[in-house]
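A closer look at the structure
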Amino acid sequence: MPPIARFIPRHRLIALTVVLVIKRVVDRRFNRAPYDAERIVKQFSGRLRDELDLATLAGELQRTSVAAVEPVASAAWLRASGAR
């Protein structure tokens, strides 16, 4: 077997390992826990299906965004009724 044929698979394995280690370090550094987006959206839509109160809607939206991406701060801007 030519030496290059042995080098390439090892090189790919080392590169993949390095990428996975860097991803794990970055995820831990920025507190990026894996989350299930479909589950979060389903929970959010289930709670708000019949909700008409804008204050409650804004609160639920903020709670959902905090659960999903853990922002440092969050705010919901709502247009005043009748404004265009």
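Quick summary incoming for the structure in this document. These numbers come from a predicted model, not from an experiment. Note that residues are indexed from 1 along each chain, following the sequence as it is written. With the structure being a predicted model, the display of local features is reserved for residues of pLDDT at least 70 and the display and counting of side-chain atom pairs for 80 or more, all residues being used for whole-chain, interface and lining totals. The side-chain values count all of the structure's non-hydrogen atoms but skip hydrogen atoms and water molecules.

Some details on the overall build of the protein chain
Looking only at helices and strands, the protein chain features three helices and zero strands. For the protein chain, the N- to C-terminal ordering of α and β elements is α-α-α. When a residue's accessible area, from a 1.4 Å probe over protein chains only, is under 20% of the maximum for its type it is buried; when over 50% it is exposed; and in between it is partly exposed. Within the span of the protein chain, comprising 84 residues, buried residues form 11% of the whole. Where accessible areas are quoted, they stem from the Shrake-Rupley method and a 1.4 Å probe; at the residue level, only the protein chains shown are allowed to cover. Of the roughly 7,700 Å² of accessible surface on the protein chain, 63% is carried by carbon and sulfur atoms. Helix numbering and strand numbering both begin at the N terminus, where a helix is a DSSP run of H or I of at least 4 residues and a strand a DSSP run of E of at least 2.

Some words on helix 2 (residues 37–48)
Every helix has an expected span of 1.5 Å times one less than the residues it contains. In a regular helix each residue adds 1.5 Å, so twelve residues correspond to 16 Å; helix 2 covers 17 Å between its end C-alpha atoms and thus fits that length. Where helix 2 is concerned, the buried positions are Ile 40, Phe 44 and Leu 48. The arc that holds every buried residue of helix 2, seen down its axis, measures 50°, which confines them to one face. More than 90 degrees from the buried face of helix 2, the exposed residues found are Glu 38 and Lys 42. A contact between two residues is defined here by any heavy atoms of the two lying within 4.5 Å. Looking at the buried side of helix 2, the elements it contacts are helix 3 (54–69). Here the arc refers to the directions that run from the helix axis out to each C-beta atom.

So, helix 3
A rise of 1.5 Å per residue sets the reference length of helix 3, with its 16 residues, at 22 Å; its end C-alpha atoms lie 22 Å apart and thus fit the reference within 8%. Of all the residues in helix 3, the buried ones are Ala 58, Gly 59, Glu 60, Thr 64 and Ala 68. Close packing links the buried residues of helix 3 with helix 2. Immediately downstream of helix 3, the backbone of Glu 70 shows phi near 50°, a positive value.

Focus: the environment of Pro 71
Tracing the chain through its elements places Pro 71 in the segment after helix 3. Pro 71 sits in the partly exposed class, given a relative accessible area of 31%. Setting aside residues up to four positions removed in sequence, Pro 71 forms contacts with Ser 65 and Val 66.

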